[in-house]
There are 2 protein chains.
Amino acid sequence: MLTREGCPKTMLSIKDALEALEGKWKLLILFALSAGPKRFKQISKEVNGITDRTLSRELKNLESNKLIKREVHDTFPPTVEYTITEHGMSLERVIDELHFWGLAHRKEVIGK
Amino acid sequence: MLTREGCPKTMLSIKDALEALEGKWKLLILFALSAGPKRFKQISKEVNGITDRTLSRELKNLESNKLIKREVHDTFPPTVEYTITEHGMSLERVIDELHFWGLAHRKEVIGK
């Protein structure tokens, strides 16, 4: 089992991942975008509890980590859509495992 | 694929997980403890960059979420050890996936 090794190199790549995904919002935003491209207001509605200011900051950070793309469409007025990248989609298994664990955690700690 | 569904209930359990694991330290501490019970100073040495104050706060939080256990041994002077619980060990797959993704992310964004 990987987690029994406790090796410093593994620790480093886990740290890389946690730093790129820090906070409770980024993965939720990516999860919302995994269903398809969305506009700012749509994301803000789906990710319950996030403020516009935080969402704006998180979107910029996700873009700089190549996890999403911001696209400006030449409409009148111009519209902006956010799309998950392939690199962002590669987080799917992380999100899946968090989902399963979250269910178990609710039973174990919160749901009692 | 789970993440394409974008359903609010899945979002909730992901949020539960992210709230229990918030910040960049908790999973690293659990990873260190997955190799066996450890004392405060050992954990602090292995989790590079954490301050004693933060470690102390995170250990309390992990304990309240039933992810670790604090055990006081009747030695002279008394010694304290932290052990990962079964519920904490159930995060193994999350940690594994984060490890794999962290490796890919370093190549994609940091390592270039």
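Here, every reference points to the structure presented above.
Below or above, wherever it landed, is the structure these notes cover. Given the structure is predicted, the values throughout are model-derived calculations rather than measurements.

Each partner contributes residues to the interface: chain A has 56 residues there, and chain B has 56 residues. Carbon and sulfur atoms supply 67% of the area that chain A and chain B bury against each other, a total of about 5,500 Å² over both sides. For the pair chain A and chain B, the number of links is six salt bridges. The interface formed by chain A and chain B includes 16 residue pairs in polar contact (both at pLDDT 80 or more). Of all the secondary structure elements, the ones that give two or more residues to the side of chain A that touches chain B are helix 1 (2-5), helix 2 (8-20), helix 3 (26-33), helix 6 (86-89) and helix 7 (92-110) of chain A. Among the elements that make up the side of chain A that touches chain B, the one with the highest residue count is helix 7 of chain A (17 residues). Among the residues forming the side of chain A that touches chain B, the class breakdown is 28 nonpolar, 13 polar and 15 charged.

Okay, the relation of the copies chain A and chain B next. Rotating chain A by 180° and translating it 0.0 Å along the rotation axis places it on chain B, where the RMSD comes to 0.0 Å. The transformation relating the two chain copies, once decomposed into turn and shift, fits a two-fold axis. A shared binding surface is used by both copies, with 100% of the interface residues of chain A retained as interface residues in chain B.

This structure, assessed with the given rule, holds twelve salt bridges over all chains. The closest approach of N and O atoms between A:E46 and A:K38, which form a salt bridge, is 3.1 Å. Looking at A:E46, the relative accessible area reads 29%, which means it is partly exposed. For B:K41, the salt bridge is made with B:D52, and the minimal N-O distance between the two is 3.1 Å. Of this pair, B:K41 sits in helix 4 (residues 40-46) while B:D52 is found in helix 5 (residues 52-64), placing the two residues eleven residues apart along the sequence. By relative accessible area, B:D52 is classed as partly exposed at 37%.

As a further point, take the nonpolar core. Soluble globular proteins tend to bury their nonpolar side chains together. A:I29, A:V47, A:L91, B:I29, B:V47 and B:L91 are the most contacted members of the largest nonpolar core, which has 60 residues in total. If we skip the residues at most four places from it in the chain, B:V47 touches A:M11, B:W25, B:L28, B:I29 and B:A32.

Parameters at a glance
By convention here, each chain's residues receive numbers from 1 onward along its written sequence. Here the convention is simple: chains get letters from A, ligands get numbers from 1, in the order in which they are written. It should be noted that, the model being predicted, local features are given only for residues of pLDDT at least 70 and side-chain atom pairs only at 80 or more, the latter also being counted only at that level, while totals for whole chains, interfaces and linings use all residues. The basis for every side-chain value is the complete set of non-hydrogen atoms in the structure, without hydrogens or water. By the convention used here, residues are in contact when the closest approach between their heavy atoms is within 4.5 Å. Computed with a 1.4 Å rolling probe, the buried area is the accessible surface lost when two parts are put together, summed over both parts. We define a salt bridge as a contact between a side-chain nitrogen of Lys or Arg and a carboxyl oxygen of Asp or Glu at a distance within 4 Å. The term polar contact refers here to a pair of N or O atoms within 3.5 Å; inside protein, the definition further demands a hydrogen-donor-capable atom paired with an acceptor-capable atom, and it admits residues adjacent in sequence only when both atoms are side-chain atoms. Labels follow the DSSP assignment, with helices taken as runs of H or I lasting at least four residues and strands as runs of E lasting at least two, numbered in each case from the N terminus. We call Asp, Glu, Lys and Arg charged. Ala, Val, Leu, Ile, Met, Phe, Trp, Tyr, Cys and Pro are nonpolar, and the rest, Gly among them, are polar. Least-squares superposition of the copies uses the C-alpha atoms of those residues scoring a pLDDT of at least 70 in each of them. Only protein chains enter the calculation, and the probe is 1.4 Å; a residue is then buried if its accessible area is under 20% of its type maximum, exposed if over 50%, and partly exposed in between. What we call a nonpolar core is a set of buried Ala, Val, Leu, Ile, Met, Phe, Trp, Tyr and Cys residues that are connected through their side-chain atoms within 4.5 Å.

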